[in-house]
Amino acid sequence: MDAREAALRQAHGHAVRWLASLSDRPVPARASVDEIVRALGAELPDAPSTPADVVDLLATACEPGLTAFPSGRFYGFVVGGTEPAALAADWLVSAWDQNCVMRAVSPAYTAVEEIAGAWLLDLLGLPPDSAVGFTTGATMANFTCLAAGRDTVLRRAGWSVAHDGLVGGPPVRVIAGQDRHMAIDLALRYLGLGRPELVEADAQGRIDAEALRHTLATRGPGAGPGSGSVPTIVILQAGDIHSGAFDPFPETIRAAREADAWVHVDGAFGLWAAASPTYAHLTDGCARADSWATDAHKTLNVPYDCGLAVVGDPAALRSAMGLQGDYLIQHEHGDPIDKVPELSRRGRAFTVWAALRSLGRPGVADLVDRLCRHARAFATGIDAIDGATVLNDVVFTQVCAEFGDDERTDRVLARLLDEGAAWISGSTWHGRRVMRISVSNWSTTDEDVSRTLDAIRRASSRTIRP
(Lines give C-alpha, C1' and ligand atoms only; values in the text may rest on other atoms or scores of the structure.)
Protein backbone atom coordinates (compact mmCIF):
# COMPACT_ATOMS: atom_id res chain seq x y z
CA MET A 1 0.00 0.00 0.00
CA ASP A 2 1.50 3.34 -1.01
CA ALA A 3 1.37 6.50 1.13
CA ARG A 4 -1.59 8.01 -0.71
CA GLU A 5 -3.74 4.90 -0.37
CA ALA A 6 -2.85 4.58 3.31
CA ALA A 7 -3.85 8.18 3.95
CA LEU A 8 -7.16 7.74 2.09
CA ARG A 9 -7.97 4.60 4.05
CA GLN A 10 -7.24 6.41 7.28
CA ALA A 11 -9.46 9.33 6.26
CA HIS A 12 -12.26 6.95 5.25
CA GLY A 13 -12.19 5.23 8.62
CA HIS A 14 -12.35 8.50 10.54
CA ALA A 15 -15.14 9.81 8.29
CA VAL A 16 -17.27 6.70 8.77
CA ARG A 17 -16.78 6.79 12.56
CA TRP A 18 -17.68 10.50 12.66
CA LEU A 19 -20.89 9.99 10.73
CA ALA A 20 -21.83 6.97 12.86
CA SER A 21 -21.45 9.06 16.04
CA LEU A 22 -23.97 11.73 15.03
CA SER A 23 -27.04 10.07 16.47
CA ASP A 24 -25.59 9.90 19.99
CA ARG A 25 -22.96 12.60 20.35
CA PRO A 26 -23.71 16.05 21.81
CA VAL A 27 -24.36 18.50 19.01
CA PRO A 28 -22.21 21.45 20.27
CA ALA A 29 -18.42 21.19 20.17
CA ARG A 30 -16.82 20.14 23.45
CA ALA A 31 -13.29 21.53 23.05
CA SER A 32 -12.02 25.08 22.73
CA VAL A 33 -9.76 26.57 20.08
CA ASP A 34 -6.83 26.60 22.53
CA GLU A 35 -7.35 22.94 23.35
CA ILE A 36 -7.35 21.98 19.68
CA VAL A 37 -4.19 24.01 19.07
CA ARG A 38 -2.43 22.18 21.90
CA ALA A 39 -3.54 18.80 20.57
CA LEU A 40 -2.36 19.58 17.04
CA GLY A 41 0.88 21.27 18.10
CA ALA A 42 1.50 24.90 17.27
CA GLU A 43 5.08 24.62 16.01
CA LEU A 44 5.87 23.76 12.39
CA PRO A 45 7.69 20.37 12.48
CA ASP A 46 11.36 20.16 11.55
CA ALA A 47 10.84 16.72 10.05
CA PRO A 48 8.21 15.24 7.71
CA SER A 49 5.40 12.91 8.79
CA THR A 50 3.70 10.16 6.83
CA PRO A 51 0.40 11.24 5.21
CA ALA A 52 -1.53 8.57 7.18
CA ASP A 53 -0.13 9.86 10.48
CA VAL A 54 -1.02 13.42 9.54
CA VAL A 55 -4.61 12.42 8.76
CA ASP A 56 -4.85 10.49 12.01
CA LEU A 57 -3.55 13.42 14.07
CA LEU A 58 -5.88 15.89 12.34
CA ALA A 59 -8.96 13.73 12.87
CA THR A 60 -8.16 12.76 16.44
CA ALA A 61 -7.20 16.25 17.61
CA CYS A 62 -10.08 18.04 15.88
CA GLU A 63 -12.94 15.65 16.66
CA PRO A 64 -13.74 17.13 20.11
CA GLY A 65 -13.89 20.61 18.57
CA LEU A 66 -16.35 19.71 15.83
CA THR A 67 -19.96 20.82 15.97
CA ALA A 68 -22.30 18.11 14.70
CA PHE A 69 -23.59 20.18 11.79
CA PRO A 70 -24.59 16.99 9.89
CA SER A 71 -26.72 15.85 12.83
CA GLY A 72 -30.48 15.76 12.51
CA ARG A 73 -30.59 17.92 15.66
CA PHE A 74 -28.66 20.93 14.38
CA TYR A 75 -31.08 23.81 13.73
CA GLY A 76 -28.86 26.83 14.36
CA PHE A 77 -28.52 28.13 10.81
CA VAL A 78 -30.00 27.30 7.43
CA VAL A 79 -27.14 25.04 6.44
CA GLY A 80 -28.52 21.54 5.87
CA GLY A 81 -26.46 18.38 6.02
CA THR A 82 -24.99 16.36 3.16
CA GLU A 83 -27.13 13.85 1.29
CA PRO A 84 -25.26 10.51 0.90
CA ALA A 85 -24.83 10.51 -2.88
CA ALA A 86 -23.63 14.12 -2.80
CA LEU A 87 -21.12 13.34 -0.04
CA ALA A 88 -19.67 10.43 -1.98
CA ALA A 89 -19.55 12.53 -5.16
CA ASP A 90 -17.66 15.22 -3.25
CA TRP A 91 -14.95 12.67 -2.39
CA LEU A 92 -14.64 11.99 -6.11
CA VAL A 93 -14.43 15.72 -6.80
CA SER A 94 -11.34 15.95 -4.60
CA ALA A 95 -9.80 12.81 -6.09
CA TRP A 96 -10.47 13.87 -9.69
CA ASP A 97 -8.94 17.30 -8.94
CA GLN A 98 -10.46 19.07 -11.94
CA ASN A 99 -10.31 22.83 -12.48
CA CYS A 100 -13.83 23.10 -13.81
CA VAL A 101 -13.80 26.25 -15.90
CA MET A 102 -13.39 25.25 -19.55
CA ARG A 103 -15.30 22.84 -21.76
CA ALA A 104 -12.19 21.70 -23.63
CA VAL A 105 -10.20 20.95 -20.49
CA SER A 106 -12.88 19.13 -18.47
CA PRO A 107 -15.66 17.96 -20.80
CA ALA A 108 -16.97 15.60 -18.11
CA TYR A 109 -17.58 18.47 -15.73
CA THR A 110 -19.15 20.70 -18.38
CA ALA A 111 -21.56 17.92 -19.36
CA VAL A 112 -22.57 17.37 -15.74
CA GLU A 113 -23.00 21.11 -15.12
CA GLU A 114 -25.24 21.48 -18.16
CA ILE A 115 -27.41 18.52 -17.13
CA ALA A 116 -27.64 19.61 -13.49
CA GLY A 117 -28.40 23.18 -14.53
CA ALA A 118 -31.27 22.07 -16.74
CA TRP A 119 -32.65 19.85 -13.98
CA LEU A 120 -32.50 22.75 -11.52
CA LEU A 121 -34.39 25.09 -13.84
CA ASP A 122 -37.04 22.43 -14.31
CA LEU A 123 -37.42 21.72 -10.58
CA LEU A 124 -37.49 25.39 -9.59
CA GLY A 125 -39.88 26.40 -12.34
CA LEU A 126 -37.52 28.96 -13.84
CA PRO A 127 -37.20 29.90 -17.54
CA PRO A 128 -35.55 26.94 -19.32
CA ASP A 129 -33.18 29.13 -21.35
CA SER A 130 -31.65 30.71 -18.23
CA ALA A 131 -27.92 30.45 -17.49
CA VAL A 132 -26.91 28.66 -14.28
CA GLY A 133 -23.60 29.43 -12.60
CA PHE A 134 -22.19 27.40 -9.68
CA THR A 135 -20.63 29.72 -7.11
CA THR A 136 -19.13 29.34 -3.62
CA GLY A 137 -22.43 30.01 -1.86
CA ALA A 138 -25.57 32.16 -1.79
CA THR A 139 -23.64 35.37 -1.10
CA MET A 140 -21.58 35.03 -4.26
CA ALA A 141 -24.65 33.82 -6.15
CA ASN A 142 -26.36 37.08 -5.20
CA PHE A 143 -23.21 38.98 -6.17
CA THR A 144 -23.10 37.27 -9.57
CA CYS A 145 -26.75 37.91 -10.38
CA LEU A 146 -26.61 41.51 -9.18
CA ALA A 147 -23.47 42.13 -11.26
CA ALA A 148 -25.44 41.05 -14.33
CA GLY A 149 -28.29 43.31 -13.24
CA ARG A 150 -26.05 46.29 -12.52
CA ASP A 151 -24.31 46.07 -15.89
CA THR A 152 -27.60 45.61 -17.73
CA VAL A 153 -29.45 48.60 -16.25
CA LEU A 154 -26.39 50.81 -16.84
CA ARG A 155 -26.07 49.54 -20.40
CA ARG A 156 -29.70 50.54 -20.99
CA ALA A 157 -28.71 54.02 -19.79
CA GLY A 158 -25.85 54.13 -22.29
CA TRP A 159 -23.01 53.34 -19.88
CA SER A 160 -20.54 50.42 -20.08
CA VAL A 161 -19.23 49.21 -16.73
CA ALA A 162 -16.77 46.87 -18.44
CA HIS A 163 -15.22 49.73 -20.39
CA ASP A 164 -15.66 52.75 -18.12
CA GLY A 165 -16.15 51.39 -14.60
CA LEU A 166 -18.61 53.06 -12.26
CA VAL A 167 -16.99 56.45 -11.66
CA GLY A 168 -18.75 59.12 -13.64
CA GLY A 169 -21.61 56.88 -14.68
CA PRO A 170 -25.29 57.19 -13.82
CA PRO A 171 -26.20 56.22 -10.25
CA VAL A 172 -27.80 52.82 -9.85
CA ARG A 173 -30.80 52.74 -7.59
CA VAL A 174 -31.18 49.53 -5.56
CA ILE A 175 -34.42 48.89 -3.66
CA ALA A 176 -35.01 46.07 -1.17
CA GLY A 177 -37.33 45.17 1.69
CA GLN A 178 -36.30 46.25 5.16
CA ASP A 179 -36.06 42.59 6.24
CA ARG A 180 -33.69 41.52 3.43
CA HIS A 181 -30.80 39.25 4.40
CA MET A 182 -27.48 40.88 5.28
CA ALA A 183 -25.80 38.99 2.41
CA ILE A 184 -27.59 41.36 0.03
CA ASP A 185 -25.88 44.38 1.58
CA LEU A 186 -22.54 42.58 1.38
CA ALA A 187 -22.96 41.76 -2.31
CA LEU A 188 -23.98 45.34 -3.08
CA ARG A 189 -20.89 46.58 -1.24
CA TYR A 190 -18.70 44.30 -3.34
CA LEU A 191 -20.35 45.76 -6.45
CA GLY A 192 -19.77 49.38 -5.44
CA LEU A 193 -23.49 50.08 -5.12
CA GLY A 194 -23.72 50.81 -1.39
CA ARG A 195 -26.73 50.24 0.85
CA PRO A 196 -30.12 49.72 -0.75
CA GLU A 197 -33.15 51.94 -0.29
CA LEU A 198 -35.38 50.07 2.10
CA VAL A 199 -39.10 49.52 1.64
CA GLU A 200 -41.50 48.76 4.46
CA ALA A 201 -42.22 45.11 5.20
CA ASP A 202 -45.06 43.49 7.12
CA ALA A 203 -44.79 41.68 10.45
CA GLN A 204 -43.59 38.50 8.70
CA GLY A 205 -40.90 40.29 6.68
CA ARG A 206 -42.76 40.41 3.35
CA ILE A 207 -42.09 43.54 1.35
CA ASP A 208 -45.16 45.78 1.03
CA ALA A 209 -46.14 45.85 -2.66
CA GLU A 210 -47.86 49.24 -2.48
CA ALA A 211 -44.94 50.75 -0.61
CA LEU A 212 -42.64 49.39 -3.31
CA ARG A 213 -44.82 50.87 -6.04
CA HIS A 214 -44.76 54.25 -4.27
CA THR A 215 -40.98 54.11 -3.85
CA LEU A 216 -40.49 53.26 -7.52
CA ALA A 217 -42.68 56.22 -8.50
CA THR A 218 -40.16 58.60 -6.92
CA ARG A 219 -36.83 59.27 -8.58
CA GLY A 220 -34.87 58.33 -5.49
CA PRO A 221 -31.85 59.83 -3.74
CA GLY A 222 -28.99 60.99 -5.92
CA ALA A 223 -31.06 61.18 -9.11
CA GLY A 224 -30.01 64.00 -11.37
CA PRO A 225 -32.28 66.48 -13.15
CA GLY A 226 -34.32 65.53 -16.17
CA SER A 227 -37.14 63.16 -16.94
CA GLY A 228 -35.12 60.06 -17.80
CA SER A 229 -35.57 56.90 -15.77
CA VAL A 230 -32.95 56.01 -13.17
CA PRO A 231 -31.20 52.61 -13.62
CA THR A 232 -32.94 50.51 -10.98
CA ILE A 233 -32.62 47.07 -9.38
CA VAL A 234 -35.36 45.65 -7.16
CA ILE A 235 -34.40 42.84 -4.77
CA LEU A 236 -37.06 40.45 -3.46
CA GLN A 237 -36.72 37.37 -1.28
CA ALA A 238 -38.05 33.84 -1.22
CA GLY A 239 -37.84 32.83 2.42
CA ASP A 240 -37.28 35.34 5.23
CA ILE A 241 -34.47 34.18 7.50
CA HIS A 242 -36.68 34.51 10.61
CA SER A 243 -40.22 33.78 9.48
CA GLY A 244 -39.64 31.88 6.23
CA ALA A 245 -42.12 34.25 4.53
CA PHE A 246 -42.07 34.90 0.78
CA ASP A 247 -42.53 38.28 -0.86
CA PRO A 248 -45.70 38.76 -2.94
CA PHE A 249 -44.05 38.18 -6.31
CA PRO A 250 -46.91 38.88 -8.77
CA GLU A 251 -47.59 42.38 -7.41
CA THR A 252 -43.99 43.38 -6.71
CA ILE A 253 -42.58 42.14 -10.01
CA ARG A 254 -45.39 43.84 -11.90
CA ALA A 255 -44.54 47.14 -10.20
CA ALA A 256 -40.84 46.69 -10.94
CA ARG A 257 -41.52 45.88 -14.59
CA GLU A 258 -43.52 49.08 -14.96
CA ALA A 259 -40.45 50.98 -13.72
CA ASP A 260 -38.13 49.10 -16.14
CA ALA A 261 -36.19 47.70 -13.16
CA TRP A 262 -34.10 44.56 -13.05
CA VAL A 263 -35.70 42.15 -10.56
CA HIS A 264 -33.54 39.82 -8.50
CA VAL A 265 -34.82 37.17 -6.05
CA ASP A 266 -32.70 36.11 -3.10
CA GLY A 267 -33.96 32.56 -2.53
CA ALA A 268 -31.05 31.12 -0.55
CA PHE A 269 -33.20 28.39 0.99
CA GLY A 270 -36.77 29.24 0.04
CA LEU A 271 -36.51 28.98 -3.73
CA TRP A 272 -36.67 25.20 -3.27
CA ALA A 273 -40.35 25.51 -2.32
CA ALA A 274 -41.01 25.47 -6.06
CA ALA A 275 -39.88 21.82 -6.18
CA SER A 276 -42.77 20.71 -3.95
CA PRO A 277 -46.35 20.61 -5.28
CA THR A 278 -47.45 21.36 -1.71
CA TYR A 279 -45.38 24.53 -1.32
CA ALA A 280 -44.85 25.73 -4.89
CA HIS A 281 -47.61 28.32 -4.45
CA LEU A 282 -45.21 30.29 -2.24
CA THR A 283 -43.14 31.06 -5.34
CA ASP A 284 -46.06 31.95 -7.64
CA GLY A 285 -44.93 34.69 -10.03
CA CYS A 286 -41.28 34.34 -9.02
CA ALA A 287 -40.25 33.08 -12.48
CA ARG A 288 -41.01 36.51 -13.97
CA ALA A 289 -37.93 37.99 -12.28
CA ASP A 290 -34.63 38.50 -14.12
CA SER A 291 -32.32 36.58 -11.79
CA TRP A 292 -32.44 34.22 -8.84
CA ALA A 293 -29.88 33.10 -6.24
CA THR A 294 -30.00 30.03 -4.03
CA ASP A 295 -27.67 27.70 -2.15
CA ALA A 296 -27.61 23.99 -2.93
CA HIS A 297 -26.07 23.31 0.49
CA LYS A 298 -29.14 24.57 2.28
CA THR A 299 -32.37 22.88 1.25
CA LEU A 300 -30.91 20.45 -1.31
CA ASN A 301 -28.23 19.25 1.16
CA VAL A 302 -25.09 18.99 -0.93
CA PRO A 303 -21.67 19.78 0.62
CA TYR A 304 -20.62 23.36 1.33
CA ASP A 305 -19.25 25.56 -1.47
CA CYS A 306 -22.20 25.33 -3.85
CA GLY A 307 -24.27 28.44 -4.52
CA LEU A 308 -26.43 28.74 -7.64
CA ALA A 309 -26.70 31.93 -9.68
CA VAL A 310 -29.48 31.86 -12.26
CA VAL A 311 -29.89 34.64 -14.83
CA GLY A 312 -32.72 34.67 -17.34
CA ASP A 313 -30.61 36.36 -20.02
CA PRO A 314 -27.44 34.27 -20.56
CA ALA A 315 -25.84 37.10 -22.54
CA ALA A 316 -26.19 39.44 -19.55
CA LEU A 317 -24.43 36.95 -17.27
CA ARG A 318 -21.68 36.26 -19.78
CA SER A 319 -21.14 39.99 -20.28
CA ALA A 320 -20.74 40.51 -16.52
CA MET A 321 -18.66 37.42 -15.70
CA GLY A 322 -16.90 36.36 -18.89
CA LEU A 323 -13.24 37.03 -19.59
CA GLN A 324 -10.73 36.56 -22.37
CA GLY A 325 -7.15 35.30 -22.19
CA ASP A 326 -4.68 34.31 -24.87
CA TYR A 327 -3.80 31.10 -23.05
CA LEU A 328 -7.40 30.04 -22.36
CA ILE A 329 -8.97 27.37 -24.55
CA GLN A 330 -12.42 28.86 -24.88
CA HIS A 331 -15.32 27.33 -26.77
CA GLU A 332 -17.72 29.04 -29.14
CA HIS A 333 -20.66 27.58 -27.21
CA GLY A 334 -19.44 29.05 -23.94
CA ASP A 335 -17.72 27.66 -20.87
CA PRO A 336 -18.48 27.35 -17.15
CA ILE A 337 -16.02 30.20 -16.61
CA ASP A 338 -18.45 32.58 -18.35
CA LYS A 339 -20.97 32.34 -15.52
CA VAL A 340 -19.03 32.73 -12.26
CA PRO A 341 -16.42 35.06 -10.72
CA GLU A 342 -13.66 32.49 -10.14
CA LEU A 343 -10.95 31.43 -12.55
CA SER A 344 -10.15 28.39 -10.39
CA ARG A 345 -12.87 26.29 -8.81
CA ARG A 346 -13.79 22.77 -7.85
CA GLY A 347 -16.45 20.64 -9.53
CA ARG A 348 -19.51 21.86 -7.66
CA ALA A 349 -22.01 20.55 -10.19
CA PHE A 350 -20.90 16.95 -9.61
CA THR A 351 -22.45 16.98 -6.13
CA VAL A 352 -25.65 18.69 -7.31
CA TRP A 353 -26.05 16.15 -10.11
CA ALA A 354 -25.51 13.31 -7.64
CA ALA A 355 -28.11 14.63 -5.19
CA LEU A 356 -30.69 15.21 -7.92
CA ARG A 357 -30.00 11.87 -9.62
CA SER A 358 -30.30 10.10 -6.27
CA LEU A 359 -33.47 11.83 -5.12
CA GLY A 360 -35.26 12.29 -8.41
CA ARG A 361 -38.16 14.72 -8.77
CA PRO A 362 -40.34 13.05 -6.09
CA GLY A 363 -37.41 12.77 -3.69
CA VAL A 364 -36.69 16.50 -3.81
CA ALA A 365 -40.37 17.26 -3.23
CA ASP A 366 -40.44 14.84 -0.30
CA LEU A 367 -37.31 16.42 1.17
CA VAL A 368 -38.93 19.87 1.12
CA ASP A 369 -42.19 18.50 2.53
CA ARG A 370 -40.42 16.71 5.39
CA LEU A 371 -38.47 19.79 6.41
CA CYS A 372 -41.69 21.82 6.48
CA ARG A 373 -43.53 19.10 8.42
CA HIS A 374 -40.80 19.08 11.06
CA ALA A 375 -41.01 22.89 11.33
CA ARG A 376 -44.76 22.67 11.96
CA ALA A 377 -44.15 19.99 14.59
CA PHE A 378 -41.69 22.30 16.35
CA ALA A 379 -44.22 25.12 16.31
CA THR A 380 -46.95 22.91 17.76
CA GLY A 381 -44.67 21.52 20.44
CA ILE A 382 -43.28 24.89 21.52
CA ASP A 383 -46.71 26.50 21.65
CA ALA A 384 -47.69 23.85 24.21
CA ILE A 385 -44.81 24.84 26.56
CA ASP A 386 -45.85 27.07 29.44
CA GLY A 387 -44.71 30.63 28.78
CA ALA A 388 -43.54 29.97 25.21
CA THR A 389 -44.97 31.66 22.12
CA VAL A 390 -44.29 31.03 18.45
CA LEU A 391 -44.07 34.45 16.83
CA ASN A 392 -44.14 33.70 13.11
CA ASP A 393 -46.58 32.14 10.71
CA VAL A 394 -44.83 28.83 10.00
CA VAL A 395 -45.16 28.68 6.23
CA PHE A 396 -41.89 26.96 5.39
CA THR A 397 -38.90 25.74 7.44
CA GLN A 398 -38.35 28.56 9.97
CA VAL A 399 -39.72 28.85 13.51
CA CYS A 400 -39.18 31.81 15.86
CA ALA A 401 -40.29 31.61 19.48
CA GLU A 402 -39.90 33.53 22.71
CA PHE A 403 -40.17 32.39 26.32
CA GLY A 404 -41.86 35.27 28.10
CA ASP A 405 -39.12 37.92 27.94
CA ASP A 406 -35.68 38.46 26.47
CA GLU A 407 -33.80 37.38 29.59
CA ARG A 408 -35.67 34.11 29.94
CA THR A 409 -35.39 33.37 26.21
CA ASP A 410 -31.61 33.73 26.41
CA ARG A 411 -31.49 31.52 29.50
CA VAL A 412 -33.46 28.80 27.71
CA LEU A 413 -31.03 28.96 24.79
CA ALA A 414 -28.01 28.79 27.09
CA ARG A 415 -29.42 25.80 28.98
CA LEU A 416 -30.22 24.04 25.74
CA LEU A 417 -26.69 24.43 24.36
CA ASP A 418 -25.16 23.47 27.69
CA GLU A 419 -27.10 20.18 27.71
CA GLY A 420 -26.03 19.51 24.12
CA ALA A 421 -28.98 17.46 22.82
CA ALA A 422 -29.52 20.00 20.04
CA TRP A 423 -28.01 23.17 18.62
CA ILE A 424 -30.41 26.10 18.23
CA SER A 425 -29.34 29.71 17.90
CA GLY A 426 -30.82 32.89 19.25
CA SER A 427 -31.56 36.02 17.29
CA THR A 428 -33.24 39.40 17.62
CA TRP A 429 -36.40 39.82 15.59
CA HIS A 430 -38.57 42.94 15.71
CA GLY A 431 -36.64 44.05 18.78
CA ARG A 432 -37.23 40.83 20.73
CA ARG A 433 -34.85 38.01 21.58
CA VAL A 434 -36.02 34.80 19.97
CA MET A 435 -35.15 31.13 19.60
CA ARG A 436 -34.76 30.65 15.83
CA ILE A 437 -35.15 27.10 14.56
CA SER A 438 -34.09 26.36 10.99
CA VAL A 439 -35.06 22.89 9.82
CA SER A 440 -32.69 22.16 6.95
CA ASN A 441 -31.19 18.68 7.30
CA TRP A 442 -32.30 15.73 5.18
CA SER A 443 -31.48 13.38 8.08
CA THR A 444 -33.74 15.02 10.67
CA THR A 445 -36.32 12.47 11.85
CA ASP A 446 -39.52 12.63 13.88
CA GLU A 447 -37.48 11.22 16.77
CA ASP A 448 -34.92 14.04 16.41
CA VAL A 449 -37.73 16.59 16.63
CA SER A 450 -39.22 14.83 19.66
CA ARG A 451 -35.83 14.66 21.42
CA THR A 452 -35.22 18.33 20.71
CA LEU A 453 -38.64 19.38 21.99
CA ASP A 454 -37.98 17.41 25.17
CA ALA A 455 -34.69 19.28 25.56
CA ILE A 456 -36.44 22.63 25.02
CA ARG A 457 -39.02 21.72 27.66
CA ARG A 458 -36.28 20.83 30.14
CA ALA A 459 -34.39 24.06 29.41
CA SER A 460 -37.60 26.06 29.76
CA SER A 461 -38.65 24.45 33.05
CA ARG A 462 -35.25 25.16 34.60
CA THR A 463 -35.51 28.86 33.79
CA ILE A 464 -38.95 29.56 35.25
CA ARG A 465 -38.62 32.21 37.92
CA PRO A 466 -39.74 31.14 41.41
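Whatever comes next refers back to the structure up there.
Worth saying up front: this structure is predicted, and the values here are computed from it rather than measured.

Looking now at the sheet that holds strand β7 (residues 307–311). What the seven strands build is an open sheet, ordered β1-β7-β6-β5-β4-β2-β3; its pairing is mixed. Sheet topology places β1 (131–135) and β3 (197–199) at the edges, where each strand pairs with a single neighbour. For this sheet, the mean angle separating the axes of adjacent strands, direction not counted, is 20°. Helix α6 (residues 138–156) rests against β1, β4 (232–237), β5 (262–266), β6 (291–295) and β7 of the sheet, and its axis sits at about 175° to β5. Packing of helix α9 (residues 209–217) onto the sheet brings it into contact with β2 (173–177), β3 and β4, and relative to β2 it is tilted by some 165°.

Let's shift gears to a negative patch on the surface. Together, E200, D208, E210 and E251 make up a region of like negative charge exposed at the surface. With respect to the helices and strands, E200 occurs in the loop between β3 and α9.

Turning our attention to the pairing of β7. β7 sits mainly inside the fold: five of its five residues count as buried. By the alternation rule, side chains of β7 split into G307, A309 and V311 and L308 and V310, which are all buried. Note: β1 against β7, five bridges, orientation antiparallel. Within β7, the residue paired with V132 across the bridge is V310. Sheet analysis places β6 next to β7, joined by five bridges and oriented antiparallel. Along β7, the bridge assignment pairs A293 with A309.

We now examine the packing of aromatic side chains. The full count for this structure, using the stated rule, is 12 aromatic pairs. On the basis of an interplanar angle of 75° and a centroid distance of 5.3 Å, the ring pair of Y109 and F350 is categorised as edge-to-face. Taken as a pair, Y109 in helix α5 (residues 107–124) and F350 in helix α12 (residues 348–383) lie far apart in primary sequence, 241 residues in all. By way of ring pairs, the aromatic residues F69, F74, F77 and W423 are connected into one cluster.

Looking now at the sheet that holds strand β11 (residues 432–438). Strand order in the open sheet made by the four strands is β8-β9-β11-β10, with antiparallel pairing throughout. The two strands at the open ends of the sheet, each matched to only one other strand, are β8 (389–390) and β10 (425–429). Bridge count between strand β9 (residues 398–402) and β11: four bridges; the pairing is antiparallel. Paired with C400 across the bridge in β11 is R436.

Moving on, we come to unusual backbone geometry. Apart from glycine, the bulk of residues carry a negative phi angle, and the bulk of peptide bonds sit in the trans form. Phi is positive for D97, close to 55°, though the residue is something other than glycine. Structurally, D97 is set in the loop between α4 (84–96) and α5. Despite not being glycine, H430 shows a phi value in the positive range, around 50°. With respect to the helices and strands, H430 occurs in the loop between β10 and β11. The exposure class of H430 is partly exposed, given its relative accessible area of 47%.

Helix length check: α5, at 18 residues, gives a terminal C-alpha distance of 26 Å against a target of 26 Å (1.5 Å per residue), a fit within 8%. Along α5, the residues that are buried comprise Y109, T110, V112, E113, A116, G117, L120, L121, L123 and L124. For α5, the angular spread of buried residues about the axis comes to 165°, placing them on one side. Structurally, α5 contributes buried residues whose contacts are with β1, β7 and α12. With its phi angle positive at about 65°, G125 sits one or two positions after the end of α5.

Okay, empty space enclosed by the protein next. Per the stated rule, a full pass over the model turns up two cavities of 30 Å³ or more. Roughly 70 Å³ of internal volume is contained in the largest cavity. What lines the largest cavity is a set of 13 residues, among which G177, R180, I235, Q237 and D247 lie closest to the centre. When residues of the lining of the largest cavity are assigned to their parent elements, the largest contribution, three residues, is made by β4. Per-class residue counts for the lining of the largest cavity are four nonpolar, four polar and five charged. Considered as a void within the structure, the second largest cavity measures approximately 50 Å³ in volume. As for the second largest cavity, its lining consists of D90, V93, P303, Y304, D305, C306, R346, G347, R348 and T351. For the lining of the second largest cavity, the secondary-structure elements that each account for two or more residues are α4 and α12. By residue class, the composition of the lining of the second largest cavity is four nonpolar, two polar and four charged.

This paragraph deals with the nonpolar core. Core analysis: the largest hydrophobic core is formed by 56 residues, its most contacted members being F134, L300, V352 and F396. Among the elements that take part in this core, α12 stands out by supplying eight residues, more than any other. Counting 28 residues, the second-largest nonpolar core is a separate cluster that includes I184, L191, I235 and V311.

So, about the packing of α9 against helix α10 (residues 249–258). Two elements in contact, α9 and α10, have axes whose closest approach is 9 Å; the angle formed by their N-to-C orientations is 10°. Of the possible angle classes, the one that applies to α9 and α10 is roughly parallel. Contacts from A209, L212, R213 and L216 in α9 reach E251, T252, A255, A256 and E258 in α10. Residues of the contact of α9 with α10, tallied by class, amount to five nonpolar, one polar and three charged.

What follows concerns the layout of surface pockets. In this model, the largest pocket occupies a volume close to 1,500 Å³. What lines the largest pocket is a set of 47 residues, among which A15, W18, L19, L87 and W91 lie closest to the centre. Among the residues forming the lining of the largest pocket, the class breakdown is 21 nonpolar, 16 polar and 10 charged. Roughly 690 Å³ of internal volume is contained in the second largest pocket. Taken together, 34 residues line the second largest pocket, and the ones lying closest to its centre are H181, M182, I241, K298 and R436. If you list the elements that add at least two residues to the lining of the second largest pocket, you get α6, α8 (182–190) and β10. By residue number, the principal contributor to the lining of the second largest pocket is β10, which donates four residues.

Conventions used here
- Residues numbered from 1 in each chain as written.
- Predicted model: local features only at pLDDT ≥ 70, side-chain atom pairs only at ≥ 80, totals over all residues.
- Heavy atoms only, no water.
- Pairing = 2+ DSSP bridges.
- Helix = DSSP H or I, 4+ residues; strand = E, 2+ residues; numbered from the N terminus.
- Axes fitted to C-alpha atoms, helices over the stretch in contact; angles between N-to-C directions.
- Contact = heavy atoms within 4.5 Å.
- Patch = residues over 30% accessible without salt bridge, like charges linked within 9 Å, V, L, I, M, F, W, Y side chains within 5 Å.
- Areas by Shrake-Rupley, 256 points an atom, 1.4 Å probe, with all protein chains shown as cover.
- Salt bridge = Lys/Arg side-chain N within 4 Å of Asp/Glu carboxyl O.
- Lys, Arg positive; Asp, Glu negative; His and termini not counted.
- Charge placed at Lys NZ, Arg CZ, Asp CG, Glu CD.
- Buried < 20%, exposed > 50% of the residue type's maximum accessible area, 1.4 Å probe, protein only.
- Phe/Tyr/Trp six-rings, centres within 6.5 Å; stacked < 30°, edge-to-face > 60°.
- Expected span 1.5 Å × (residues − 1).
- Arc of directions from axis to C-beta.
- 1 Å grid on protein atoms, 1.4 Å probe; cavity = no way out; pocket = protein on both sides within 12 Å on 5 of 7 lines; lining within 4 Å.
- Points joined across faces, edges and corners; volume = space filled by probe spheres on them.
- Nonpolar A, V, L, I, M, F, W, Y, C, P; charged D, E, K, R; others polar.
- Core = buried A, V, L, I, M, F, W, Y, C linked by side-chain atoms within 4.5 Å.
- Parallel < 35°, antiparallel > 145°, perpendicular 65-115°, else oblique.

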